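# Residue-level structure breakdown
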Amino acid sequence: MQIRVVIGQPWEAVADLLVVPVLGEPTFTGTLDELDRRSGGELRALAALGELRAKAYATVLAASGDLPAGRLLVVGGGSAEGFDRETARRQAATSIRRLAGRSVHTLAYWLDPVADALGEGAAVAADMVVRGIVEGGFDPKTIYLDNTDAAPPALDELLLVTADAAAAAGAAAAIAAAAERGRIIGEGSNIARRLANRAANDVSPQVLADEATALAATYGLAIDVIDEKRAAALGMGMFLAVGRGSDNPPRMIVMRSGPEGARDSQGRLLAMVGKGVCFDSGGISIKPADRMEEMKLDKTGACTVIAAIVTAARLAPGIPLLAIAPAVENMPGDHATRPGDIVKALNGLHVDITNTDAEGRLILGDAMTYAEQIGATHLVDVATLTGAVGRALGHMVTGAFATPDPWWTEVAAAADRAGERLWRLPLVQDYRSEMDSWTGDMTNSGTVEGSLVKSGLFLESFRTVPWAHLDIAATSYYRKAFPFAPRGANGASLATLVELALTGAG
Ligand code: BES
Ligand code: ZN
Ligand code: MN
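A few points on the structure. (Residues numbered from 1 in each chain as written. Chains lettered and ligands numbered in written order. Predicted model: local features only at pLDDT ≥ 70, side-chain atom pairs only at ≥ 80, totals over all residues. Heavy atoms only, no water.)

## Quick look at the coordination of the manganese ion (ligand 3)
Spelled out, the test is: Only N, O and S atoms count as donors, using a 2.8 Å cut-off from the metal and 3.2 Å for Na, K and Ca, and because water is excluded some sites may appear unfinished. Donor angles set the geometry label: tetrahedral for four donors if every angle is between 85 and 135 degrees, square planar for four and octahedral for six if opposite donors exceed 155 degrees and the others are between 65 and 115, irregular for anything else. Labels follow the DSSP assignment, with helices taken as runs of H or I lasting at least four residues and strands as runs of E lasting at least two, numbered in each case from the N terminus. Only protein chains enter the calculation, and the probe is 1.4 Å; a residue is then buried if its accessible area is under 20% of its type maximum, exposed if over 50%, and partly exposed in between.
Around the manganese ion (ligand 3), the donor atoms from the protein are Asp280 (OD), Asp357 (O), Asp357 (OD) and Glu359 (OE), and they sit 2.1 to 2.2 Å away. For the manganese ion (ligand 3), the 6 donor atoms are set out with angles of 71 to 168° between them, so the coordination reads as irregular. Donor residues for the manganese ion (ligand 3), ordered by position in the chain, follow D-x76-D-x1-E. Here the zinc ion (ligand 2) and the manganese ion (ligand 3) are spaced 3.2 Å from one another, each receiving a donor from Asp280. One end of the pair, Asp280, is in strand 10 (residues 276-280); the other, Glu359, is in the loop between strand 13 (350-353) and helix 12 (360-373), and 79 residues separate them in sequence. Take Asp280: its relative accessible area is 3%, and that puts it in the buried class. Since its relative accessible area comes to 0%, Glu359 is described here as buried.

What follows is the structure in structure tokens.
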């Protein structure tokens, strides 16, 4: 897909279709009024019929009269006050999804209403719109099936149309650069989604490692895949405990951008750690059958950090960065860990595994310790860690823990830039005693009250440097399709990780 910034009015766009983003109740004044007149008055007519209510992600396809654009697609962005980067991205994703099954080669997107509503300039608008178009083009049906007739159209050309005076005065190059950035981040989230959606009989820990190896080769990253023998020699007792029940052995995937020993422009080495449970049956503490099939998505954190390091390295070649993905299958086999088993973590703590279904924190804890051992100065982990986060916050905001406060401030700022929603949860130290073990240092799952906080406290025991944890259990995949996204993995937190990593660029 070619992306071009076109300085001009929307009615001048030469394309198969022109996307007209609207905010709030569209008022026919200024450019929108002129666009309506020049396209034959169809938009006003539709508005009079109550079709143009500009509800978020509502769409109306309209004829375009004699305009050089073949048709118009009006896409709502909801109220102007609530409009933010995330809405801009979703509005764009909705537009391309609305065109599924149609043949559209050249799409023009009128950027100015988005830029005006965001109030952050045309470059930010271009970043979000292009990312939305790329992400909106993702269709999970294309992973296994050849018949893609119902998929969103693969565009040859995307025209970003703006009459912005600054753009005319030479900012077009900045808009084009921002658009390219949006494309690369969108592609990154699609890499993560494609991997995460794949089935557990297809993606074992070894296959995940193979996929990471192939990506590392393509994008010039170093990779080290630690097998079960090396993990044992290193002392990764928690990580190995989770993988024991499966015939498919665990793999600790370690990817590096930049030379060994290097620090970024902030003097840091950030490690992004992602939970890679290729299937979570619960192990001996087995899960109920209802929706257990979703647990093939329990590797989403791993897929996200793998895609994030690739994306950050594409945007800032050679940037010092680590991605660590502990990959396992949590199964109830003969050799599986039993409830009550005591294992020694890589950092020396003895953990009493009272619930084999609280496995994510076990593999993440060892991965975090390992990240510090190989030089990480800052940690961020992403994981489909708890059912509780979904009960607390639902599927549109990710729950986060972080310490110390200045690191949280940076993570929150990165999420804002990325157009993603995070909500910080408290690390209430008083609850630690409810995770005490009578034979070990701590259990991996305490009493049910405050279990979400306890998941954070457990992970906190395995860090000594600034750390943030994003629980994407409820936000990283949708259980049904939305106008802006299909069912399945949605790429949540990838852009936040990339933004956070890029603070250390240049
Ligand atoms: N992978 C699950 C969390 C999960 C649940 C992700 C639903 C996506 C949707 C995790 O390993 C798990 O089983 N967590 C337990 C923790 C409990 C045993 C302390 C949970 O949330 O019930
Ligand atoms: Zn899990
Ligand atoms: Mn589990």
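## Some words on the sheet that holds strand 1 (residues 2-7)
Put simply, the test is: The criterion for strand pairing is that DSSP finds at least two bridges linking the strands in question. Lines are fitted to the C-alpha atoms to define the axes, a helix being fitted only along its stretch in contact, and any angle between axes, read from their N-to-C directions, falls within 0 to 180 degrees. Contact between two residues is taken to exist if any of their heavy atoms lie within 4.5 Å; hydrogens are not considered.
Strands sit in the order 1-6-5-2-4-3 across an open sheet of 6 strands; the sheet is mixed. A strand with exactly one partner marks an edge of an open sheet, and here the two such strands are strand 1 and strand 3 (59-63). Direction aside, the axes of adjacent strands within the sheet are offset by 25° on average. The pairing of strand 2 (residues 17-22) with strand 4 (residues 71-76) spans 5 bridges and is classified as parallel. Each residue of the ladder has a partner; that of Val19, found in strand 4, is Leu73. Each of strand 1, strand 5 (106-110) and strand 6 (157-162) touches helix 5 (residues 122-136); the most contacted strand, strand 6, lies at about 150° to it.

## Here's the deal with helix 3 (residues 85-98)
Short version of the rule: One fewer than the residue count of a helix, multiplied by 1.5 Å, yields its expected span.
A rise of 1.5 Å per residue sets the reference length of helix 3, with its 14 residues, at 20 Å; its end C-alpha atoms lie 20 Å apart and thus fit the reference within 8%. For helix 3, the buried fraction is high: 12 of the 14 residues fall into the buried class. For helix 3, the complete set of buried residues consists of Arg85, Glu86, Thr87, Ala88, Arg89, Arg90, Gln91, Ala92, Ala93, Thr94, Ser95 and Ile96.

## A word on the coordination of the zinc ion (ligand 2)
On the protein side, the zinc ion (ligand 2) has Lys275 (NZ), Asp280 (OD), Asp298 (OD) and Glu359 (OE) as donor atoms, found 2.0 to 2.4 Å from it. Classification of the site at the zinc ion (ligand 2) rests on its 6 donor atoms, whose angles at the metal span 78 to 172°, yielding the label octahedral. Mapped onto the sequence, the residues coordinating the zinc ion (ligand 2) show the spacing K-x4-D-x17-D-x60-E.

## Points about empty space enclosed by the protein
Test applied: Of the grid points, spaced at 1 Å and generated over the protein atoms alone, those admitting a 1.4 Å probe that cannot get out make up cavities, while open sets with protein on both sides within 12 Å along at least five of seven lines make up pockets; any residue with an atom within 4 Å of a point is treated as lining. Grid points are joined across faces, edges and corners, and a volume is the space filled by probe spheres set on the points. When residue character is reported, Ala, Val, Leu, Ile, Met, Phe, Trp, Tyr, Cys and Pro are called nonpolar, Asp, Glu, Lys and Arg charged, and the others, Gly included, polar. The split into domains, and so the bounds of each, comes from an automatic or database assignment of domains.
Counted by the stated rule, this structure contains 4 cavities of 30 Å³ or more. Its volume calculated, the largest cavity comes out at about 320 Å³. If you trace the largest cavity, you find 26 residues lining it, with Glu86, Arg89, Arg90, Tyr478 and Asn490 closest to the centre. Within the residue set of the lining of the largest cavity, elements represented by two or more residues are helix 3, helix 5, helix 7 (165-197) and helix 16 (494-502). Top contributing element to the lining of the largest cavity by residue count: helix 3, with 4 residues. Residues belonging to the lining of the largest cavity are distributed by class as follows: 10 nonpolar, 8 polar and 8 charged. When residues of the lining of the largest cavity are assigned to domains, at least three map to each of domain 1 (2-192) and domain 2 (199-502). Put simply, the second largest cavity is a space of about 70 Å³.

The quantities given are spatial measurements derived from coordinates; they are silent on function.
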